[in-house]
Amino acid sequence: MFSSMRFFATSSLLLATPLLAQQFPEVEPNDTPAAAQFVALGSQINCNLTAGELDWFQFTTPGGYMRIACISGSDLQLELSDATGTIVQAFNDDGQGLAPSMWMNIAAGTYCLRVDGFSATTTGAYTLELGAPGSKPLNGNEIEPNDTVATATAAGDGAQLGGSLRPAVSVLADVALAGSTTTVVNATAALTASLYADGRYWLRCTSGANAGLRRRIASNTTTSITLATGFTAAPAAGDTYEVLEYDSDYYRIDVVAPRALVVFSITEGDDTWVRGWSYEVRDAAGGLVPTTLGTNVADSSVYQARVTSFRVFPTGTYFVRVFERRTEATGAPAVAPANGNYRFEVKIRDMNVGGVVVEGAEPNNTVATATPIAPGQQGVGNISISTGADASDLWGPITVSQQSLICFQTDGGAAPALVDSTIQLFQLTDPIAGTLSAPTLVTAGNTLNTTVGASHGRGSFNFLLPNTVYYLGVLSPGTNAATQSGNYVLEISLTDAPTYSAGNVATATANAAGCGTAGVPTIGRVIATELPILGQTYVTRTTNLNGPGNLGLMVLGLSGAQGPSGAPAGSPQSVYNPQPLDLTLLGAPGCTLNVNPLQIDVMLADPVSLAADYLLPIPSAPGLQGFTLFMQPAKLDFLTGNPLGVQPGNWMRIIIGTRAF
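These numbers come from a predicted model, not from an experiment. (Residues numbered from 1 in each chain as written. Predicted model: local features only at pLDDT ≥ 70, side-chain atom pairs only at ≥ 80, totals over all residues. Heavy atoms only, no water.)

Asks: Teacher, can you tell me more about the confidence of the model for the chain here?
Replies: Detailed conclusions should not be drawn from predicted coordinates in areas where pLDDT is low. Chain-level statistics for the chain give a pLDDT mean of 87 and a share of 90% at 70 or above. The low-confidence segment residues 562–578, where pLDDT is below 50, has 48 contacts with residues more than four positions distant or belonging to other chains. (pLDDT = per-residue confidence, 0-100. Contact = heavy atoms within 4.5 Å.)

Shown next, in the form of structure tokens:
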């Protein structure tokens, strides 16, 4: 097959000059580091894994923020190592579904990649994607020592901090007198009670039946050490052991607003990066926060070291502590480095900082009568089910000009307080008619309810589509079916670009009947799970190119038949020009063009399969997050009274994301 492609520039967000496709087949044998297949940056390698096989690849990079991933329905593992394939730099198993992925800063140099199956019987086709280097710079680093609340590194809104967990340091060597599988009695050392109880100390046996094994210390007295999990065999009298102190990093997060959405991520750092960690969330006094503020202690997955946590905090100071994983990562991931680098990211979106808005006169449950409210403001309203006159309130519009992260929640208001509510999230689909989408319901989640036993909603959303408009509805009941009337408050956070957003793909049927000859050109994804992500080559496949010479066209544009808001063409919210365009007067009766043509490329299909692949390299440019592109294929068709000679097909809309989770 032949495929033509283009890429678009960050500066203008318009399509730019052609770039030669970089899609190649796997070259066997490549089952050792010495036989590794060289891969060019920005390319895709179409591969096949047989049972028990190892596939090795090698690449050279000038350094930068890179995406390395496998696209497949099979359960695969990906390992990054040095040029010899002996020193492991990073490991991932389930970065996106069952397939592995990595996003990390990689230093200039030559590296090896190893792909294998999760089990010895894993088989299947996959595509290895090696992104072109981009830039995602850190704006700071942890400041050591920061292993206590008092020495914590400040992490404000927008923090992109580099952190590392150093190797363990031996702080005690002793001999066991006796004990059990979970308790070791020390022979000579007089310990300070609870010295080793903060989770970063481990006991490692250096002789006896447990030699080389380690267990995390849960607590200690002056004469004994209690382990969080026991050994299979009890250490015998005379067995030697050591106590290892692992690194621990504290980060301070200050919330100055009455309430704020706090999002923190612990994710891949610079190479070499740590394979696993645990985290705790602590209050200003250093104690674990109550669970009303979210999970207070958790471990990374054994398959990938990546987490993003969303929670709402009231005014105060909080600490996130990152430390050695509380339980060892066993199995295949253990090949990855136990110590290394990570990235700590923070976003803080204040709530209740834009003033109070009182709901408008009833009725106020339509677009025309909704109470205006903006991000950062607090709405004050009342629901009165008993009278039947005030079953719900509508608030908005909330206009999204770019990809945005937003949080909203309800709570009980002044007495009599509403104790059970649901939030409805609507998207405006037709601003002229005031038509709203079907609602997304948020019935619970606000753990900061001011009324005991209340149930109110909280939702955090990434709005992926720029130039969209939303409304929030409040009604009762929520989950308890409790008292149906009362006063409430609606809290909405300020908005900002999300830390991460998944890519998005949607297709729409067009020209299915009455346009040209049989066999409508149809665009789809080569790999059903592939998403358009920064730094990758996104691949589509067009079928039914059965016209003269099997020639096809790919129409690219920034607009389509509907805007991201779903607004009809020609309405104020539609930024998508006059599509669909009826091509009858141009000589293609019954056909419509659904994409505003800014660029048209030629495709040549395989004469047997009648399909052509179209490759779209996406630069690793953060400014392209949320970029929307429309694509519509067409074939040449002069056989059915079509003087224009072009038969369009269906169309696809893609939204570029930063990461597939």
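Here the narrative resumes.
Asks: When you look at the sheet that holds strand S44 (residues 612–617) in this model, what are you seeing that I'm missing?
Replies: Pairing between sheet strands relies on hydrogen bonds along the backbone, with the strands arranged either parallel or antiparallel. In space, the three strands of this open sheet follow the order S38-S39-S44, with antiparallel pairing throughout. Edge positions in the sheet fall to strand S38 (522–525) and S44, since each of these pairs with one other strand and no more. When strand polarity is set aside, the average angle formed by the axes of neighbouring strands in this sheet is 30°. Note: S38 against strand S39 (residues 537–543), four bridges, orientation antiparallel. Bridge assignment links Thr522 to a residue of S39, and that residue is Thr543. (Pairing = 2+ DSSP bridges. Helix = DSSP H or I, 4+ residues; strand = E, 2+ residues; numbered from the N terminus. Axes fitted to C-alpha atoms, helices over the stretch in contact; angles between N-to-C directions.)

Asks: I would appreciate a short explanation of the nonpolar core in the present structure.
Replies: Core analysis: the largest hydrophobic core is formed by 57 residues, its most contacted members being Phe57, Phe59, Ile68, Leu80, Leu113, Tyr126 and Phe344. For Tyr126, the residues in contact, after removing those within four places along its chain, are Ile45, Asn46, Cys47, Asn48, Leu49, Asp55, Phe57, Cys70, Ile71, Ser72, Leu76 and Val115. (Core = buried A, V, L, I, M, F, W, Y, C linked by side-chain atoms within 4.5 Å. Buried < 20%, exposed > 50% of the residue type's maximum accessible area, 1.4 Å probe, protein only.)

Asks: Can you walk me through the pairing of strand S31 (residues 422–430) in this structure?
Replies: The side chains of a regular strand alternate, first on one face of the sheet and then on the other. The element S31 is extensively covered by neighbouring structure, given that eight of its nine residues are classed as buried. Examined bridge by bridge, S31 and strand S35 (residues 468–475) share six bridges and lie antiparallel to one another. Considered in S35, the bridge of Ile423 is made with Val474. Two strands pair when backbone bridges link them, and S31 and strand S33 (residues 440–442) are joined in this way by three bridges, in the antiparallel orientation.

Asks: Please clarify how a nonpolar patch on the surface should be interpreted in this entry.
Replies: A cluster of nonpolar side chains, namely Leu551, Val602 and Leu604, defines an oily patch on the protein surface of about 220 Å² accessible area. Along the polypeptide, Leu604 turns up in strand S43 (residues 599–604). (Patch = residues over 30% accessible without salt bridge, like charges linked within 9 Å, V, L, I, M, F, W, Y side chains within 5 Å. Areas by Shrake-Rupley, 256 points an atom, 1.4 Å probe, with all protein chains shown as cover. Salt bridge = Lys/Arg side-chain N within 4 Å of Asp/Glu carboxyl O.)

Asks: Honestly, the pairing of strand S40 (residues 551–557) in this entry has me stumped. Any pointers?
Replies: The buried count for S40 comes to six of seven residues, which makes it a mostly enclosed element. Alignment of S40 against S43, held across six bridges, turns out to be antiparallel. Residue Met554 lies in a different strand from S43, and its bridge partner there is Asp601. Bridging between S40 and strand S45 (residues 628–636) involves six bridges; their strand directions are antiparallel.

Asks: What's the story with the state of the cysteines in this structure? I'm lost.
Replies: Working definition: the covalent bond between the sulfur atoms of two cysteines is a disulfide. For the structure shown, the criterion picks out one disulfide. Disulfide partner of Cys515: Cys591, at an S-S distance of 1.8 Å. Negative torsions about the S-S bond denote left-handed disulfides, and the value of about 100° found for Cys515 with Cys591 makes this one right-handed. Taken together, the residues span a long stretch of sequence, with Cys515 in the loop between strand S37 (504–508) and S38 and Cys591 in the loop between strand S41 (581–582) and strand S42 (592–593) at a distance of 76 residues. Cys70 carries a free sulfur, and the closest cysteine sulfur to it, the one in Cys47, is 7.4 Å from it. Considering cysteine sulfurs only, Cys47 is the nearest to Cys112, which forms no disulfide, with 15 Å between them. On the basis of relative accessible area, Cys112 is assigned to the buried category, the value being 0%. (Disulfide = S-S within 2.5 Å.)

Asks: It is not clear to me how the packing of aromatic side chains should be interpreted in this structure. Could you clarify?
Replies: Working definition: an aromatic ring pair is given by the centre-to-centre distance plus the angle between the planes. Enumeration over the complete set of coordinates arrives at 12 aromatic pairs. Ring geometry for Phe59 and Tyr111: centres 5.6 Å apart, planes at 25°, overall stacked. Separated by 52 residues along the polypeptide, Phe59 in strand S6 (residues 55–61) and Tyr111 in strand S11 (residues 109–117) bring together distant segments of the chain. This pair shows no difference in class: Phe59 is buried, exactly as Tyr111 is. When the ring of Phe313 is compared with that of Tyr318, the centres are 4.1 Å apart and the planes differ by 20°; the resulting orientation is stacked. With respect to class, Phe313 is no different from Tyr318; both count as buried. (Phe/Tyr/Trp six-rings, centres within 6.5 Å; stacked < 30°, edge-to-face > 60°.)

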